[in-house]
Amino acid sequence: MKNFWQGIADFLEALSRKIEPNGSDSTLKDMDRKALIIALEQHRREISELQQSRHDLGKQIIEYIDDLGEINQGDLSKRLDVYACFIGSFGEAINLLVEDLSEAVQSLPATHPLHKKYLLQGHDGDVPPEKVI
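Thresholds applied
Per chain, residue numbering runs from 1 following the sequence as it is written. With pLDDT at 70 or above as the cut-off, local features in this predicted model cover only qualifying residues; side-chain atom pairs require 80 or more to be listed or tallied, and sums for whole chains, interfaces and linings still use all residues. By convention in this description, side-chain values take in all heavy atoms of the structure and omit both hydrogens and water. For the purposes of this entry, the term helix denotes a DSSP run of H or I that reaches at least four residues, the term strand denotes a run of E that reaches at least two, and both are numbered from the N terminus. Burial classes: relative accessible area under 20% of the type maximum marks a residue as buried, over 50% as exposed, and values in between as partly exposed (1.4 Å probe, protein chains only). We call two residues in contact whenever any of their non-hydrogen atoms come within 4.5 Å of each other. In this description, accessible areas are obtained by the Shrake-Rupley approach with a 1.4 Å probe, and a residue is regarded as covered only by the protein chains that are shown. Centre distance within 6.5 Å is the pairing criterion for rings of Phe, Tyr and Trp, where only the six-membered ring of Trp is used; planes under 30 degrees apart are then read as stacked, over 60 as edge-to-face, and the remainder as tilted. The rule is simple: put a 1 Å grid over the protein atoms alone, call a set of points where a 1.4 Å probe fits but cannot get out a cavity, call an open set with protein on both sides within 12 Å along at least five of seven lines a pocket, and count a residue as lining if it has an atom within 4 Å of a point. Grid points are joined across faces, edges and corners, and a volume is the space filled by probe spheres set on the points. Residues are grouped as follows: Ala, Val, Leu, Ile, Met, Phe, Trp, Tyr, Cys and Pro are nonpolar; Asp, Glu, Lys and Arg are charged; all remaining types, including Gly, are polar. By definition here, a helix of n residues has an expected span of 1.5 Å times n minus one. The directions considered for the arc run from the helix axis to the C-beta atoms.

Enquirer: How would you sum up the overall build of the protein chain? Please name residues and give values.
Expert: Scanning the protein chain from terminus to terminus reveals four helices and zero strands. Tracing the protein chain from N to C terminus, the helices and strands come up as α-α-α-α. In the protein chain, which comprises 133 residues, the share counted as buried stands at 20%. Taking as baseline every contact in the protein chain between residues at least 6 positions apart, the subset at least 24 positions apart corresponds to 49%. A total of about 9600 Å² of accessible surface is found on the protein chain, and carbon and sulfur atoms cover 60% of it.

The following block contains the structure:
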């Protein structure tokens, strides 16, 4: 991935030399320069948005891992936040799985080891509403 970004940086550097109005190597007309600068700025914004999306996705995955850890420790009242993206579908599937597990554990005898592990901490039988972000 680093080579990809370095390639873009090298290309933009070479291109900037071509569009520099005072540059001795300038081969573009003024109108071409303006259109090119506008297009490059648009692409810069798009790259920035993609980087932000990647960062946000990483944050959401870390939150899911933390929440899954709490579920693994026995908190079946925990639900994952559901986001309006593909990772949200994953969270929704996990929430359904945890709800099924919660119902199965509730039907076990109170002396069963799984019943003791998956204490329904702060859970009165109702599933908390999902938070859609």
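Enquirer: Residue-level account of the packing of aromatic side chains, with values.
Expert: Taken as a whole and judged by the stated rule, the model has two aromatic pairs. Considering the side-chain rings of Tyr 64 and Tyr 83, the 6.0 Å spacing of their centres and the 40° angle between planes classify their relative orientation as tilted. With a gap of 19 residues between them, Tyr 64 in helix H2 (residues 30-72) and Tyr 83 in the loop between H2 and helix H3 (86-106) connect regions that are remote in the sequence. Note on accessibility: Tyr 64 and Tyr 83 belong to one class, buried. Among the residues examined, Tyr 64 registers a relative accessible area of 2% and is labelled buried.

Enquirer: Tell me about the layout of surface pockets, residues and numbers included.
Expert: By volume, the largest pocket amounts to about 240 Å³. Surrounding the largest pocket, Trp 5, Ile 8, Phe 11, Leu 12, Ile 37, Leu 40, Glu 41, His 43, Arg 44, Ile 47, Ser 48 and Gln 51 form its lining. Of all the secondary structure elements, the ones that give two or more residues to the lining of the largest pocket are helix H1 (2-19) and H2. In terms of residue count, the dominant contributor to the lining of the largest pocket is H2 (eight residues). Tallied by class, the residues present in the lining of the largest pocket amount to seven nonpolar, three polar and two charged.

Enquirer: Could you give an account of H3, naming the residues involved and the relevant values?
Expert: Three or four residues apart is the spacing at which side chains of an α-helix point the same way, because the helix has 3.6 residues per turn. If you check H3, its first and last C-alpha atoms are 31 Å apart, about what 21 residues at 1.5 Å a residue would give, namely 30 Å. For H3, the full list of buried residues reads Ile 87, Gly 88, Gly 91, Ile 94, Asn 95, Val 98, Glu 99, Ser 102 and Val 105. When H3 is viewed along its axis, its buried side chains cluster within an angular range of 145° and face the same direction. The exposed set on the far side of H3, more than 90 degrees from its buried face, consists of Phe 86, Leu 96 and Leu 97.

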